[in-house]
Amino acid sequence: MRLRGIGFALLLLSCILTISGCGFGFEKSLKEIDPPKVDYVNEGEQMEDNETGATKEGEVEEATGEEPSEEVTEMTTRQLYLLDANGMVVPQSFQLPAVESAAKQALEYLVVDGPVTEMLPNGFKAVLPAGTVVQGIDQVDKTLVVDFSNEFKDYAAENEKQILEAVTWTLTQFDGVENVKIQINGHDQTEMPVNGTPIGENVSRANGINHEMGNVVDVSNSEDITVYFMAQNEDYSYYVPVTKRMEGVSDDVRGVLKSLMEGPPVQSGLFSQFSKDIKLLGANEEDGLLTLDFNEAILTGTEEMVLQQDMLNSLVLSLTEQPDIKEVAITVDGHSEVIDEAGNALSEPVSRPEDVNKVGF
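Residues numbered from 1 in each chain as written. Predicted model: local features only at pLDDT ≥ 70, side-chain atom pairs only at ≥ 80, totals over all residues. Heavy atoms only, no water.

A cluster of acidic residues, D252, E285, E286, D287 and D324, forms a negative patch at the surface. Looking at where E285 falls in the secondary structure, it is placed in strand β11 (residues 280-286). For E285, a relative accessible area of 40% puts it in the partly exposed group. (Patch = residues over 30% accessible without salt bridge, like charges linked within 9 Å, V, L, I, M, F, W, Y side chains within 5 Å. Areas by Shrake-Rupley, 256 points an atom, 1.4 Å probe, with all protein chains shown as cover. Salt bridge = Lys/Arg side-chain N within 4 Å of Asp/Glu carboxyl O. Lys, Arg positive; Asp, Glu negative; His and termini not counted. Charge placed at Lys NZ, Arg CZ, Asp CG, Glu CD. Helix = DSSP H or I, 4+ residues; strand = E, 2+ residues; numbered from the N terminus. Buried < 20%, exposed > 50% of the residue type's maximum accessible area, 1.4 Å probe, protein only.)

Structure representation (structure tokens):
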């Protein structure tokens, strides 16, 4: 009888553990979708010295205070412009080994089947044809001259503009680089080799990215405005730069806001958090700091004056694409108590995020 009692107790204990295990698995499955990852530069701090041929010097020490072993590799953050599942050119921030030839390294990570392959987020792919070699790279004033091997020509015509944009925006992340000039086997290219997209002397961010013409009728009375919308792939959301052709815009700031509120094209797969009820009540720019005053429609609707983080990120990313704007401050109906979702006061200057769409860190 005693043995039967022990057996029954063990059976009961086994059932309880089985039920408990099922409960833990269910709780783990109820995870929220992570928001896009960005890192802001705090006021007074300097961004990483993103020179094309060198990185910041610094020592890596272990917690013990001992000098690091030879196996320790110093890492740095780079933005690589890749293709998402919708064919959009999108920045992704990666931790890469710190090397002297940083611009050359960044391009090598754009090559299909290259070193970026194991690091790609779901739905993303590299843009340069497999086997492409960066044979040389040289900076002349504010222009980077890049010499590609003959494999650079081996791409489909419909991917030509994305390749040109990815190369241009990846290289112009570096300090002092505004333009990109392309060579193949040492020969200057005035147009792309497959579909003839014009390059001229060079290309820059002024040429735009992920172009959208919208409903523009009078092209001569319109201008290009680059803004950041959002996209989502399964549980991963991220920011996408889009250059929209805007008609009848009085200045760049109002053009950015108008574009954000109009939102992206329905078929693009992108979305925006901005509503058409948002009104800009005032704007003042001084020494690179843009202060904006909105109506209450920009807030989350809570009792506190909170601005949704996704809206803040899209707004700051879009506005700081303008060359004269370095920081943004926000008030609502003249009140300075506005905060972001982390509780930071937005009446204080907010700089452009240092890392956009961080991957794996």
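The subject of this paragraph is the pattern of salt bridges. Going through the model one piece at a time under the given rule, you end up with 8 salt bridges. Taking the shortest distance from any N to any O, the salt bridge between K181 and D188 comes out at 3.8 Å. According to the relative accessible area criterion, K181 is buried, its value standing at 14%. Judged by relative accessible area, which is 46%, D188 ranks as partly exposed. The shortest N-O distance in the salt bridge between E262 and K244 comes to 3.5 Å.

Pairing is mixed in the open sheet, where 4 strands are placed in the order β11-β12-β14-β16. In this open sheet, the two edge strands, each paired with only one partner strand, are β11 and β16 (350-351). (Pairing = 2+ DSSP bridges.)

In the contact formed by helix α4 (residues 252-262) and helix α5 (residues 309-319), the axes pass within 10 Å of each other and the chain directions differ by 140°. As the angle between them shows, α4 and α5 are arranged oblique. Here α4 runs over α5; the crossing is right-handed. Between α4 and α5, the residues in contact are V253, V256, L257 and L260 and L315, S318 and L319, respectively. Within the contact of α4 with α5, the residues separate by chemical class into 6 nonpolar, 1 polar and no charged. (Axes fitted to C-alpha atoms, helices over the stretch in contact; angles between N-to-C directions. Parallel < 35°, antiparallel > 145°, perpendicular 65-115°, else oblique. Left-handed = near helix turned anticlockwise from the far one by under 90°. Contact = heavy atoms within 4.5 Å. Nonpolar A, V, L, I, M, F, W, Y, C, P; charged D, E, K, R; others polar.)

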